[in-house]
Every structure is written in structure tokens, then in C-alpha cells.
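Read off the chains here:
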Amino acid sequence: DWDWMVGINLMGVVNGNLFFVKEFQKQKSGYIINIASAAGFANAPNMGAYSATKAAVISLSEVLKYELKPYNVGVSAVMPTFFKTNIMNNARMVGNDGAIAQKLIDRSNLEASTVALEILTKAGKGKHKIVLPNEARIQYFLKRFFPKFFEKAMLKGLEGHAKKHGK
């Protein structure tokens, strides 16, 4: 499962970047938008492979931001939470995790077209880290500037989840 996850979530991004970077460097312009996830900074239990690969995409995007700046090539790392997609149709999940993820997707009011528009608007303005929706931006802010508070909130949420599911 780890190899599968690394192959898709990390190496897919690496290979996509390699395909375009040389051409962008030659033409001295271009823009790369790498899709990571809020899971790349908000690391929940049972999501080790997913979170690790998404964190790697965030890191790779930052490296490329600096490496490609002299070539007038911009880079954005996108870190969304759940929004309406059919991603779960091909997901590999353990136990009840797939049902939980599907519930979070179904509960979201965020449509893929809205996400795409926000990504393109922010990337068009040169924003490097695109975190969405607003709840994810709050999580990102708290994790970055108030890590102990973020940790307590995560643990409290996990305790509530465990009680709700009889664990």
C-alpha cells in the first residue's frame, strides 16, 4: 500500500514536474500547480502514507519555487481538505476509514469547480501555498503559529471520535 501511495501521490507529481520543467526552463516561463492536501500538514491517525506523500509534495513544491524562480517559472502547492469528487471510487482504505472519508466528502459544500476556480485565481496571483477552504486555512494557521493548541485540538477531536465509535 505504501508503494502504491508513493507511486501515485508523490512520484506522479515528480514525473509531471519533470515532464514540464525542462520546457519551462527553455522558454523562461511557466507555472506549476502541484496538488497536495491539508493532510500534508494536519497529520491524522491511520493516514501515514497519505500524509507523508502529501507533505513531500508540499516540500518538493517549495524546492521548485526557489530552483525555478531564475527561469520565471512559478510554483503553487495546493492543500485542500475534503470536497466533492469521486476520489473514493479508486481509494485503498483500511477498515472504516473509507466510509469516514466518503462521509466527509458528502458533507462538504465545496464543489470541484469552486476549488478549481480558487486554485487558478490564487495561482494567477503567484500565491505559493494555496490552502482551502477557510477551515483548512485556520488549521494551517494554528498548526504553524500555535502548535500546542493545534495538537490539543487534534487530540480532543480524536477522543470525541473514539467515544462516538465506541473505542
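Everything below is about the structure printed above this text.
Being a predicted model, the structure only gives us computed values, none of them experimental.

Analysis parameters
Residues numbered from 1 in each chain as written. Predicted model: local features only at pLDDT ≥ 70, side-chain atom pairs only at ≥ 80, totals over all residues. Heavy atoms only, no water. Axes fitted to C-alpha atoms, helices over the stretch in contact; angles between N-to-C directions. Helix = DSSP H or I, 4+ residues; strand = E, 2+ residues; numbered from the N terminus. Parallel < 35°, antiparallel > 145°, perpendicular 65-115°, else oblique. Left-handed = near helix turned anticlockwise from the far one by under 90°. Contact = heavy atoms within 4.5 Å. Nonpolar A, V, L, I, M, F, W, Y, C, P; charged D, E, K, R; others polar. Buried < 20%, exposed > 50% of the residue type's maximum accessible area, 1.4 Å probe, protein only. Pairing = 2+ DSSP bridges. Right-handed = clockwise from strand over helix to strand, strands pointing away. Salt bridge = Lys/Arg side-chain N within 4 Å of Asp/Glu carboxyl O.

Undergrad: Would you mind going over the packing of helix H1 (residues 2–27) against helix H2 (residues 48–68) with me for this structure?
TA: Geometry of a packed helix pair, given as the angle between the helix axes and the separation of the axes. Orientation of H1 relative to H2, taken along the N-to-C sense of each, is 15°, at an axis distance of 8 Å. Judged on the interaxial angle alone, H2 and H1 are roughly parallel. Crossing angle aside, the handedness with which H1 passes H2 is right-handed. Across the interface between the two elements, Trp2, Met5, Val6, Asn9, Leu10, Val13, Val14, Asn17, Val21 and Gln25 of H1 pack against Gly48, Ala49, Tyr50, Ala52, Thr53, Lys54, Ala56, Val57, Leu60, Leu64 and Leu68 of H2. Looking at the contact of H1 with H2, its residues break down into 15 nonpolar, 5 polar and 1 charged.

Undergrad: What is the right way to look at the pairing of strand E2 (residues 73–80) in this model?
TA: Side-chain positions along a regular strand alternate between the two faces of the sheet. Counting buried positions over the 8 residues of E2 gives 8, a clear majority of the element. Going residue by residue along E2, you find Val73, Val75, Ala77 and Met79 tucked away on one face and Gly74, Ser76, Val78 and Pro80 tucked away on the opposite face as well. Here 6 bridges tie strand E1 (residues 30–35) to E2, and the two strands are oriented parallel to one another. Looking at the pairing, Ile32 lines up with Val75 of E2. In the classification by handedness, the crossover that spans E1, the intervening H2 and the parallel E2 is right-handed. When E2 meets strand E3 (residues 129–132), the two strands line up parallel, connected through 4 bridges. Within E3, the position partnered with Pro80 by the bridge is Leu132.

Undergrad: Looking at this structure, how should I read the pattern of salt bridges?
TA: Per the stated rule, a full pass over the model turns up 4 salt bridges. Put simply, Lys26 and Glu23 hold a salt bridge, and the shortest N to O gap is 3.6 Å. You can see Lys26 and its partner Glu23 sitting in helix H1, 3 residues apart, about one turn around the helix. What makes Lys26 exposed here is its relative accessible area of 65%. Residue Glu23 is classed as partly exposed on the basis of its relative accessible area of 40%. Overlapping salt bridges bring together Glu118, Lys122 and Arg137 as one network.

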